[in-house]
Amino acid sequence: MPFLPINMSYRSTGMSFFDLHPVELARQITLLEHEAFLETSTDEWVTANWNGSIGRVIARFNDMSRWVSTEIVTADTAHYRALLIQRFVLLASTLLSLNNFNGVMEVLTGLQAASVARLGASWACVSGEAAKAYRALSEQMSLDSKNAAKFRQRMEQAAAPCVPYIGFYVQELALLEESSPTYYEDGRINFPKQYGKIGLIDTLATYQGEGRAAPYNLVKVEFVQEFVKVCASSVSGGMRVAKLLSDDELMAASCRREVPSDEEDVAGYLSENGLQRSTSSGGGGAKGKKK
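Rules and cut-offs
- Starting afresh in each chain, residues are numbered from 1 along the sequence in its written order.
- Since the coordinates come from a predicted model, pLDDT governs what is reported: local features require at least 70, and pairs of side-chain atoms require 80 or more to be given and counted, while whole-chain, interface and lining totals use all residues.
- With hydrogens and water set aside, each side-chain value is computed from the structure's full complement of heavy atoms.
- A run of H or I in DSSP counts as a helix once it spans at least four residues, and a run of E counts as a strand once it spans at least two, with each numbered from the N terminus.
- Summary of the burial criterion: residues with accessible area below 20% of their type's maximum are buried, those above 50% are exposed, and those between are partly exposed, where the area comes from a 1.4 Å probe applied to protein chains only.
- Here a Phe, Tyr or Trp ring, Trp counted by its six-membered ring, pairs with any other such ring whose centre lies within 6.5 Å, and the pair is stacked when the planes are under 30 degrees apart, edge-to-face when over 60, and tilted otherwise.
- Each cavity reported here is a set of points on a 1 Å grid over the protein atoms alone in which a 1.4 Å probe fits but cannot get out, each pocket an open set with protein on both sides within 12 Å along at least five of seven lines, and each lining residue one with an atom within 4 Å of a point.
- Grid points are joined across faces, edges and corners, and a volume is the space filled by probe spheres set on the points.
- Note on residue classes: Ala, Val, Leu, Ile, Met, Phe, Trp, Tyr, Cys and Pro are nonpolar, Asp, Glu, Lys and Arg are charged, and everything else, Gly too, is polar.
- Only buried residues count toward a nonpolar core, which is a set of Ala, Val, Leu, Ile, Met, Phe, Trp, Tyr and Cys residues joined through side-chain atoms within 4.5 Å.
- Here, two residues are considered to be in contact whenever any of their heavy atoms come within 4.5 Å of each other.
- Here a salt bridge means any side-chain nitrogen of Lys or Arg lying within 4 Å of a carboxyl oxygen belonging to Asp or Glu.

Asker: Even after reading the chapter, I still don't get unusual backbone geometry, so can you show me in this structure?
Answerer: Leaving glycine aside, a negative phi is the common case for residues, and trans is the common case for peptide bonds. Residue Pro-161 is reached from Ala-160 by a cis peptide bond, and omega for that bond is -5°. Checked against the element boundaries, Pro-161 lands in the loop between α10 (148-157) and α11 (166-179). Its identity is not glycine, yet Ala-48 carries a phi of approximately 55°, on the positive side. Topologically, Ala-48 is positioned in the loop between α3 (42-46) and α4 (53-73). Positive phi outside glycine occurs at Asn-99, with the angle close to 60°. Position of Asn-99 relative to the elements: it lies in the loop between α5 (78-97) and α6 (101-111). Take Asn-99: its relative accessible area is 19%, and that puts it in the buried class.

Asker: For this particular structure, what's the right way to read the packing of aromatic side chains?
Answerer: Here the distance between the centres and the angle between the planes together describe a pair of aromatic rings. If you walk through the whole model with that rule in mind, you get 16 aromatic pairs. Between Phe-101 and Phe-151, the ring centres sit 6.4 Å apart and the planes meet at 80°, which makes this aromatic pair edge-to-face. In this pair, Phe-101 sits in helix α6 while Phe-151 sits in helix α10, placing the two residues 50 residues apart along the sequence.

Asker: Could you clarify how one ought to interpret helix α13 (residues 222-231) in this entry?
Answerer: Helical geometry: 3.6 residues make up each α-helical turn, so side chains three or four residues apart lie on a common side. Burial runs high along α13: seven of the 10 residues are buried. Along α13, the residues that are buried comprise Phe-223, Val-224, Gln-225, Phe-227, Val-228, Val-230 and Cys-231.

Asker: What exactly am I supposed to notice about empty space enclosed by the protein here?
Answerer: Taking a probe equal in size to a water molecule and rolling it over the atoms shows the remaining empty space. By the definition in use, this model includes three cavities of 30 Å³ or more. Taken as a whole, the largest cavity holds about 50 Å³ of empty space. The wall of the largest cavity is formed by Glu-33, Ala-36, Phe-37, Val-57, Arg-60, Asn-102, Glu-106, Val-163, Pro-164 and Ile-166. Listing elements by their share of the lining of the largest cavity, those giving two or more residues are α2 (22-38), α4 and α6. When residues of the lining of the largest cavity are assigned to their parent elements, the largest contribution, three residues, is made by α2. Tallied by class, residues from the lining of the largest cavity come to six nonpolar, one polar and three charged. Its volume calculated, the second largest cavity comes out at about 40 Å³. Broken down by secondary-structure element, the contributors of at least two residues to the lining of the second largest cavity are α4, α5 and α6. Partitioned by chemical class, the residues of the lining of the second largest cavity number seven nonpolar, one polar and one charged.

Asker: Can you walk me through the nonpolar core in this structure?
Answerer: Across soluble globular proteins, nonpolar side chains have a tendency to be buried as a group. In terms of nonpolar packing, the biggest core is built from 70 residues, with Leu-25, Trp-45, Trp-67, Ile-72, Phe-88, Leu-91 and Leu-111 touching the most fellow members. Sorting elements by how many residues they give to this core places α5 first, with nine residues. Excluding its chain neighbours within four sequence positions, the residues that come into contact with Leu-111 are Val-68, Ile-72, Ile-85, Phe-88, Val-89, Val-116, Ala-117, Trp-123 and Tyr-134.

Asker: Quick question: what am I supposed to make of the pattern of salt bridges here?
Answerer: Side chains that carry opposite charge are capable of pairing whenever their charged atoms lie near each other. A complete count under the given rule lists eight salt bridges for this structure. The shortest N-O distance in the salt bridge between Arg-257 and Asp-76 comes to 3.7 Å. With Arg-257 in helix α14 (residues 247-257) and Asp-76 in the loop between α4 and α5, this residue pair connects regions lying 181 residues apart in the sequence. You can call Arg-257 partly exposed: its relative accessible area is 33%.

Listed below in structure tokens is the structure:
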């Protein structure tokens, strides 16, 4: 059964992140992302066509990650930012339990953004349990040289249904493409390269094949899915969702929330981004220079 909000007044007042149960939010994100993944085709992967359904999955990933970062850096107090971080860690853990690896990486990417990672006062308020869960997730989902093979194996061995982390396969295919030529100088085909690409694409195809593409046994909740779609856009749709910020805007907002301790770094950052020190009574803020 779906976990619905106790207070259903969201229909008139708008809905925020904390109005939704993290389990239900994870379920609806997973349903949307599984559907989007199944729309990607082998032909697109073979031709490296990032403008179709694969491109939409990638764009959505980036927007969801920016939503995580935006929610945190636009929160007014360190305590509230810590509550948001804890909630997002719980969301990521639930996504992992649903074998939605793509969703987990969306949330972790947002939490690991420089604009969020630098918020020391906020992270200091995060509970020990949430901090431990975050470290465990980060380690499990690490794509460094020591863990990449283990990460891929975990995805491939996950029980169906599953939403693989698309970025992993995009990066691996790009690396294969850039690391060696398709043809040798004497005109011979570089078969090792082609076999590597075929192996990656074949793995993706198995996620969509009979048995692996089984549907999630979850109930679709329209208004929660609508909330998710609004999060990954710049339109509020009447919901209490912050407008997505660019990387520069995220860092500027982050510096307004918690000013860096090194004054030279502050001055350098503000200068590079066309900002100046705020003289408001709050102190330590930054604002745009007047034209």
